[in-house]
Amino acid sequence: MAVNQNLPFYRLRHEFKGVMYPNFVLDSSIKRLRTFPVRSDDVWLLSFPKAGTHWMMEIVGLILSDGDPDQINRSLYSSTPEMINMDQPFPATREDEKIHPVNMSPFLDVVERAPSPRVMLDHLTLDLLPEDILKSKVIYTARNPKDSILSWFEFVKDDPVYSLTMDKTIEEFMNYTMNWGCWPKHVRQFWELRDHENVTFVFYEDLKKEPAKNIQKIASGIGHPLSDETLQRVVELSHIESQRKRFQKMAESGQENLVSNASGMYTFLNKGIVGRWKNHFTVAQNEAFDEWYQNIMADTDLSFTFE
Ligand code: A3P
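Quick caveat, the model's predicted, so the values are computed rather than measured.

What counts as what
- Residues numbered from 1 in each chain as written.
- Predicted model: local features only at pLDDT ≥ 70, side-chain atom pairs only at ≥ 80, totals over all residues.
- Heavy atoms only, no water.
- Near = heavy atom within 4 Å.
- Polar contact = N/O pair within 3.5 Å; in protein donor to acceptor, adjacent residues only side chain to side chain.
- Helix = DSSP H or I, 4+ residues; strand = E, 2+ residues; numbered from the N terminus.
- Buried < 20%, exposed > 50% of the residue type's maximum accessible area, 1.4 Å probe, protein only.
- Pairing = 2+ DSSP bridges.
- Axes fitted to C-alpha atoms, helices over the stretch in contact; angles between N-to-C directions.
- Contact = heavy atoms within 4.5 Å.
- Salt bridge = Lys/Arg side-chain N within 4 Å of Asp/Glu carboxyl O.
- Phe/Tyr/Trp six-rings, centres within 6.5 Å; stacked < 30°, edge-to-face > 60°.
- Lys NZ or Arg CZ within 6 Å of the ring centre and 35° of its normal.
- Core = buried A, V, L, I, M, F, W, Y, C linked by side-chain atoms within 4.5 Å.
- Parallel < 35°, antiparallel > 145°, perpendicular 65-115°, else oblique.
- Left-handed = near helix turned anticlockwise from the far one by under 90°.
- Nonpolar A, V, L, I, M, F, W, Y, C, P; charged D, E, K, R; others polar.

J.: Teacher, can you tell me more about the site of the ligand here?
T.: Thr53, His54, Ser151, Lys271 and Gly272 are the nearest of the 19 residues found near the ligand. The side chain of Gln243 places a nitrogen or oxygen atom 3.2 Å from a nitrogen atom of the ligand. Here Lys271 contributes a backbone N or O atom positioned 2.7 Å from an oxygen atom of the ligand. Looking at the shell around the ligand, the elements that each hand over two or more residues are helix 3 (53–64) and helix 13 (240–252).

J.: So what exactly am I meant to see when it comes to the pairing of strand 1 (residues 13–16) here?
T.: Within a regular strand, the side chains alternate between the two sheet faces. A one-sided burial pattern is seen for strand 1, the buried positions being His14 and Phe16 and the unburied ones Arg13 and Glu15. In the sheet, strand 1 pairs with strand 2 (residues 19–22) via four bridges, with the strands oriented antiparallel. In the strand pairing of strand 2, Arg13 is matched with Pro22.

J.: I would appreciate a short explanation of the sheet that holds strand 6 (residues 199–203) in the present structure.
T.: Strand pairing in a sheet relies on backbone hydrogen bonds. The paired strands run either parallel or antiparallel. Here four strands make up an open sheet; going across it, the order is 4-3-5-6 and the pairing parallel. Two strands close off the open sheet at either side, each with one partner strand: strand 4 (119–122) and strand 6. Between one strand and the next, the sheet's axes are offset by a mean angle of 20°, whatever the strand orientation. Pairing of strand 3 (residues 43–47) with strand 5 (residues 137–142) involves five bridges; the strand directions are parallel. Bridged to Leu46 within strand 5 is Tyr140. The sheet strands contacting helix 9 (residues 183–191) are strand 3, strand 5 and strand 6, and the helix crosses strand 5 at an angle near 135°.

J.: Is there a simple way to explain the pattern of salt bridges in this structure?
T.: If charged atoms from side chains of opposite charge come close, those side chains can pair. Scanning all chains against the criterion turns up 13 salt bridges. Across the salt bridge formed by Asp132 and Lys135, the nearest N and O atoms sit 3.7 Å from each other. For the salt bridge of Glu229 with Arg233, the shortest nitrogen-to-oxygen distance reads 3.8 Å. On the criterion of helical spacing, the pair formed by Glu229 and Arg233 is a turn pair, its members being four residues apart in helix 12 (residues 228–237).

J.: Help me out: how do you make sense of the packing of aromatic side chains in this one?
T.: Note on aromatic pairs: each is described by the distance of the centres and the angle between the planes. Per the counting criterion, the structure on display carries 24 aromatic pairs. Here the aromatic rings of Tyr140 and Phe190 are separated by 4.5 Å at their centres, their planes lie at 15°, and the arrangement is stacked. Of the two residues, Tyr140 sits in strand 5 while Phe190 sits in helix 9, which places them 50 residues apart along the sequence. The class of Phe190 is buried, set by a relative accessible area of 1%. Centre to centre, the rings of Phe155 and Phe268 are 5.4 Å apart; their planes meet at 35°, and the pair counts as tilted. Taken as a pair, Phe155 in helix 7 (residues 145–156) and Phe268 in the loop between helix 13 and helix 14 (283–296) lie far apart in primary sequence, 113 residues in all. Its end group placed over the ring of Trp277, Lys146 keeps NZ or CZ at 4.1 Å from the ring centre.

J.: Would you mind showing me how to read the nonpolar core here?
T.: Most often, soluble globular proteins have nonpolar side chains that are buried together. Residues Trp44, Trp183 and Phe304 are the most contacted members of the largest nonpolar core, which totals 50 residues. With five residues, the top contributor of residues to this core is helix 7. Ignoring sequence-local partners within four residues, the contact set of Trp183 consists of Phe48, Arg143, Pro145, Phe173, Tyr176, Trp292, Tyr293, Met297 and Phe304. Grouped together as the second largest cluster of nonpolar side chains are 25 residues, Met57, Ile59, Leu207 and Ile215 included.

J.: Can you help me understand the packing of helix 11 (residues 211–221) against helix 12 in this one?
T.: When two helices pack together, their arrangement is captured by the angle between the axes and the distance separating the axes. For the pair helix 11 and helix 12, the least separation of the axes is 10 Å and the interaxial angle reads 110°. Here helix 11 is positioned roughly perpendicular relative to helix 12, judged by the angle of their axes. Every pair of crossing elements has a handedness; the one defined by helix 11 and helix 12 is right-handed. In contact with Pro211, Ala212, Ile215 and Gln216 of helix 11, helix 12 contributes Leu231, Val234 and Val235. Of the residues assigned to the contact of helix 11 with helix 12, the class counts are six nonpolar, one polar and no charged.

This is the structure:
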């Protein structure tokens, strides 16, 4: 695409083993991650993009800080395979990445040294994550795919790397050329593990509907159950409007962290509503999606709340 050629290398996307990734996700990081040594008190926040990953990140931060947002260790959040590369010098070319593989894997340098408990975020499928990942705590967030598609479209619609329309966004989701690949494989791999003692499987829609119940489930899942009073505080502070106000304040005071710095303070906060796809999918798009979905999900008992 002509417009892409003018963009710096790191802004583009590329294919690795049949899956598209943004270029700030390095092939070398993905390869090394498989043998990455996990700790039993690691917390992995896993999801397909636009499932509410960063909402979960804030919730877990609030849980671990007993409901005090000022005590959230936000520097840890940059020690994630996804985010870490954003804070580092980018390789200018693919050749650069090959010549300096260690420099290009800040994940190894920084995350390995990070103190416990590490909170790490990733969108990779289970087969690419550390072999021993189930020795640590896993929180998996799943969201109905129609709202995720809309969220992804709104997230990148002005970005020339993607030049997406709703039609193209839905198509890329269904043929697995969207960044991070195959949604059905992703959710189904973790759904199969939902009863594992170290896995907490949470639906975005449940979290919206019954925040207290689901936040306590997450807190217990990571071995940090909350008192009623703290739970109530975490519920209030993880509401999207409360987060918006807090992030705005942090940005205004110039705090350097993921929220106000690397990713832009509102990047991951949009509307936060269930069923908004209904106003954005055409009848034809919806019918085509439903046909694909029913076919692809016919043999699983995993089901989603769409409105
Ligand atoms: P929408 O675009 O539908 O509003 P991710 O972090 O995986 O990229 O997901 C982003 C989605 O999570 C966005 O969805 C965003 O608004 C939503 N989100 C972020 N914080 C939230 C919160 N506190 N409550 C509800 N939804 C939230």
